[in-house]
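# Notes for the structure review
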Amino acid sequence: MRFLLRTIPIMAIISTVALALAVTSQAAAKSSAAQHFSSTCSMCHGPDGKGYPAIHTPNFTSPKWQASVTNAQITQVITDGVKGTAMQGFGSRLKPAQIHELVLYIRSLNSAKKK
Ligand code: HEC
């Protein structure tokens with residue numbers, strides 16, 4: 001009996017932790033582009049992609065900016081960077097599929113396309 005009383009709370013803790021881990025990894029898989037953006041791009045482009053005027057990063061949420069670039073241009077900039085600026089190329093660090101996801105993610109930031 002004493003053994004059981006001690007075991008039950010431990011089992012409860014273990015299953016709570018397991019559940020929390022399962023939920024977290026599911027969320028991570030769903031938004032891997034958002035994760036990439038926040039870990040690799042947000043220091044210069046802002047956590048919400050709005051950019052920082054002081055370092056000349058554009059506002060990805062601006063419909064005007066969105067209309068000014070094609071997907072091919074965004075892909076090219078992420079892959080090769082922009083010479084002479086802080087924007088380096090990520091072609092050697094990210095797979096083409098990951099870059100494609102980032103392009104779609106940047107498109108999804110357009111404030112004109114409210115969900
Ligand atoms: C060290 C800072 C820095 C990091 C990190 C960075 N960028 Fe940039 N990025 C810039 C700057 C500065 C510019 C503006 C370059 C210019 O003047 O044309 C830029 C431009 C861009 C543009 C083109 C904007 C346009 O108007 O043509 C895209 C798209 C872009 N970045 C996406 C990304 C993505 C995606 C990541 C992460 C994988 C990333 N950047 C990481 C600094 C950064």
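Remember, predicted model here, so these are calculated numbers, not experimental data. (Residues numbered from 1 in each chain as written. Predicted model: local features only at pLDDT ≥ 70, side-chain atom pairs only at ≥ 80, totals over all residues.)

### Structural notes on the confidence of the model for the protein
Counting all residues, the mean pLDDT for the protein is 85, and 71% of those residues have values of 70 or more. Across the protein, helix α4 (residues 71-80) holds the top mean pLDDT of 98, while helix α1 (residues 2-30) sits lowest at 59. (pLDDT = per-residue confidence, 0-100. Helix = DSSP H or I, 4+ residues; strand = E, 2+ residues; numbered from the N terminus.)

### Re the nonpolar core
Counting seven residues, the largest nonpolar core consists of Phe 37, Cys 41, Phe 60, Ile 78, Ile 99, Leu 102 and Ile 106. The set of elements that each furnish at least two residues to this core consists of α2 (32-45) and α5 (96-108). Per-element accounting of this core gives the leading share, three residues, to α5. Setting aside its immediate chain neighbours within four residues, Leu 102 contacts Ala 33, His 36, Phe 37 and Ile 78. (Core = buried A, V, L, I, M, F, W, Y, C linked by C-beta atoms within 7 Å. Buried ≥ 20, exposed ≤ 12 C-beta atoms within 10 Å, placed from the backbone. Contact = placed C-beta atoms within 7 Å.)

### Observations regarding the site of the ligand
Inspection of the region around the ligand gives 20 residues, with Cys 41, Cys 44, Thr 85, Ala 86 and Met 87 positioned closest. For the shell around the ligand, the elements supplying multiple residues, two or more each, are α2, α4 and α5. (Near = placed C-beta within 6 Å.)

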